[in-house]
Amino acid sequence: MSVQPLRENERIATLDMMRGVALLGIAIANSIHFQYGLFPTESIHELYRYGTIDRLAEKAIVLFAEASFYPLFSFLFGYGIVLLKERLEQKAAPFSAIYWRRMIALLLIGYVHSVYVWDGDILFVYALAGFLLYFYLKLHDRSLLIWACLFLLLMASAVAIPEDEETASVTETLQQYSIEELHVLSEGSYQEIVTFRREADPLGFGIAGEIIMTMTSVLSVIGLFLLGAFSARKKWLENIENYRTFTQKVFWITLIIGFPCKLAYVIVQTPQTEMLHLSIGGPTVAICYAAAIALIASKRPVQPLVRVGRLSLTNYLMQSFLFTTLFYSYGFALFNSLGVFVGLCISIFVFLLQILFSSFWLKYFYFGPFEWLWRIMTYWQIPRLKR
């Protein structure tokens, strides 16, 4: 049977609002990496051009944004997949075929994005994790939750890994990579930048290093995919009033646990506090944000954020296009020159532009341009774009 993409009146406003907030957080967190590369280092980059205000801006980004909004997006990804599965099953549509086309399409979009636009891409990893998620969707609710907790605990256990000589060697390799990256992004042509992305070896382990980085990234998101899938089965966002007390408890517990874990890294930078921040603080604060947004949206969703969230793929990719053009040598060549605070201000300004763009676009079109493309690749149909 013919299956149409989700209609406008079938969307969950709270889910889109969360996506909108996540896009703001991602823009803020990535503002450092767009301007200074994947591994910003004070000894290599001019992070603190304006002194104290740059240092304070960096601390605010680490505390409130870094490592928390990609996990929030991961949670929402798992939630959305279960909604897709339930909707297709209600229509007796072939879920497996549509699901695999959707993930393969995302993999292709992510690959093109990571090689030709920005190597901080997350879509490629999401697609790989999505391949794994498919098999977990066959589990009962209890098993799904258990596996989610096991993966999250596995990532949290990274805090206990001690620093050794090999870790120090990797750090030196990353510094050398950052020096080469600084040169090519500041002075290289577009083709040289693309070639650098294809051939660079950040860890110094060759293809094995790429596999390690990719699999670590997959493991970092799959637990939140599963947690989001479990929450969707329980209809958390659809029936928030039934879960209000529970959601309030989740908010306070994750607030009390998550922010101190992140604050420890803000105060003292060691390998252990960094892992505490990345593997425990970040994901825990992501759930805190999800609970807070659910409580706010249950009263009245913030429509500008909802509209941005409806174009989440387009807005995510547009952030990469805009920031790389602004900072890289083939654009305005502002790489490593503005400071953290100015980068933060620009990221907020870009997000405000995306609010205006999303509101304007949705007056005339049903989908964002990249959402439309993704639907074509998923359903093998051309949905109506213009209203």
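The model shown is predicted, which means the values in this text are computed figures rather than measured ones.

Visitor: When you look at a nonpolar patch on the surface in this model, what are you seeing that I'm missing?
Guide: On the surface, a nonpolar cluster with roughly 450 Å² of combined accessible area is contributed by Tyr111, Val112, Tyr116, Tyr190 and Tyr330. Per-element tally for the nonpolar patch: the top contributor is helix H4 (residues 95–116), with 3 residues. Tracing the chain through its elements places Tyr330 in the loop between helix H13 (312–327) and helix H14 (340–364). Since its relative accessible area comes to 32%, Tyr330 is described here as partly exposed.

Visitor: Would you mind going over the nonpolar core with me for this structure?
Guide: Burial of nonpolar side chains together is a common tendency in soluble globular proteins. The biggest cluster of nonpolar side chains holds 91 residues, and the ones touching the most others in it are Leu72 and Trp236. One finds Leu185, Ile193, Phe196 and Val350 within the second-largest nonpolar core, a separate group that totals 17 residues.

Visitor: Honestly, empty space enclosed by the protein in this entry has me stumped. Any pointers?
Guide: Where empty space is left in the structure can be found by rolling a water-sized probe over the atoms. For the structure shown, the criterion picks out 1 cavity of 30 Å³ or more. Roughly 30 Å³ of internal volume is contained in the largest cavity. Lining the largest cavity are Asp119, Glu181, Leu185, Ile193, Phe196 and Arg197. Only helix H7 (165–187) and helix H8 (190–199) provide two or more residues apiece to the lining of the largest cavity. If you tally residues by element for the lining of the largest cavity, the top one is H8, at 3 residues.

Visitor: Just checking my understanding: could you explain the packing of aromatic side chains for this structure?
Guide: Each aromatic ring pair is specified by the distance between its two centres and by the angle formed by the two planes. Per the counting criterion, the structure on display carries 32 aromatic pairs. Between Tyr126 and Phe225, the ring centres sit 5.3 Å apart and the planes meet at 80 degrees, which makes this aromatic pair edge-to-face. Here the residue Tyr126 occupies a position in helix H5 (residues 123–136), and Phe225 occupies one in helix H9 (residues 207–233), the gap between them amounting to 99 residues. Judged on exposure class, the residue Tyr126 and its partner Phe225 are both buried. Feature note: the residues Phe95, Tyr99, Trp100, Phe131, Tyr134 and Phe135 constitute an aromatic cluster, connected by ring pairs. One residue, Arg55, lies across the ring of Tyr48, its end atom 4.1 Å from the ring centre.

Visitor: Where do I start with the packing of helix H2 (residues 52–64) against H14 in this structure?
Guide: Angle between the axes and distance between the axes are the two parameters that describe a pair of packed helices. Packing of H2 against H14 leaves a shortest axis separation of 7 Å and a crossing angle of 50 degrees. Comparing their axes, H14 and H2 come out oblique. Within the contact between the two elements, H2 uses Ile53, Asp54, Ala57, Glu58 and Ile61 and H14 uses Val340, Phe341, Val342 and Leu344. Grouping the amino acids of the contact of H2 with H14 by side-chain chemistry returns 7 nonpolar, no polar and 2 charged.

Visitor: For this particular structure, what's the right way to read the environment of Leu263?
Guide: Inspection of the secondary structure assignment puts Leu263 in helix H10 (residues 244–267). Judged by its relative accessible area of 38%, Leu263 falls in the partly exposed class. Counting along the chain gives 60 residues from Leu263 to Leu203, while the straight-line C-alpha distance between them is 28 Å.

Visitor: What's the story with the pattern of salt bridges in this structure? I'm lost.
Guide: Pairs may arise between side chains of opposite charge once their charged atoms sit close together. Following the criterion strictly, the structure yields 9 salt bridges and no others. For Lys235, the salt bridge goes to Glu86, with nearest N and O atoms at 2.3 Å. A residue pair is termed long-range when its members are at least 10 positions apart, and Lys235 in the loop between H9 and H10 and Glu86 in helix H3 (residues 69–90) qualify at 149 residues. Of the charged contacts in the structure, one is a salt bridge between Arg233 and Asp141, with a shortest N-O distance of 3.0 Å.

About the criteria used
Going along each chain's sequence as written, the residues are numbered from 1 onward. Per-residue local features are limited, in this predicted model, to residues with pLDDT of at least 70; the limit for side-chain atom pairs, both in listing and counting, is 80 or more; totals at the level of whole chains, interfaces and linings are taken over all residues. To get the side-chain values, all heavy atoms of the structure are used, and hydrogens and water are removed first. Patch members must show over 30% relative accessible area and no salt bridge, and they are joined within 9 Å when carrying like charges or within 5 Å when they are nonpolar side chains of Val, Leu, Ile, Met, Phe, Trp or Tyr. Using a 1.4 Å probe, the Shrake-Rupley method yields the accessible areas, and only the shown protein chains count as cover for residues. Between Lys or Arg on one side and Asp or Glu on the other, a salt bridge is scored when a side-chain nitrogen of the former is within 4 Å of a carboxyl oxygen of the latter. Secondary structure elements are defined from DSSP: runs of H or I of at least 4 residues count as helices, runs of E of at least 2 residues count as strands, and each element is numbered from the N terminus. Think of it in three bands: residues with accessible area under 20% of the maximum for their type are buried, residues over 50% are exposed, and the middle band is partly exposed, with areas taken using a 1.4 Å probe on protein chains only. Here, nonpolar core refers to any group of buried Ala, Val, Leu, Ile, Met, Phe, Trp, Tyr and Cys residues whose side-chain atoms link them within 4.5 Å. Buried and open spaces are told apart on a 1 Å grid over the protein atoms alone, a cavity being a set of points where a 1.4 Å probe fits but cannot get out and a pocket being an open set with protein on both sides within 12 Å along at least five of seven lines. Residues with an atom within 4 Å of a point are the lining residues. Grid points are joined across faces, edges and corners, and a volume is the space filled by probe spheres set on the points. Each Phe, Tyr or Trp ring (for Trp, its six-membered ring) is paired with any other whose centre lies within 6.5 Å, and the angle between the two planes then decides the class: stacked below 30 degrees, edge-to-face above 60, tilted in between. Note on criteria: charge over ring means Lys NZ or Arg CZ within 6 Å of the ring centre, with the direction from the centre no more than 35 degrees off the ring normal. Note on method: axes are straight lines fitted to C-alpha atoms, helices fitted across the in-contact stretch only, with angles between N-to-C directions ranging 0 to 180 degrees. Put simply, angles under 35 degrees are roughly parallel, angles over 145 are roughly antiparallel, angles from 65 to 115 are roughly perpendicular, and the rest are oblique. We call two residues contacting when some pair of their heavy atoms lies within 4.5 Å. Residue polarity follows a fixed list, in which Ala, Val, Leu, Ile, Met, Phe, Trp, Tyr, Cys and Pro are nonpolar, Asp, Glu, Lys and Arg are charged, and the others, Gly among them, are polar.

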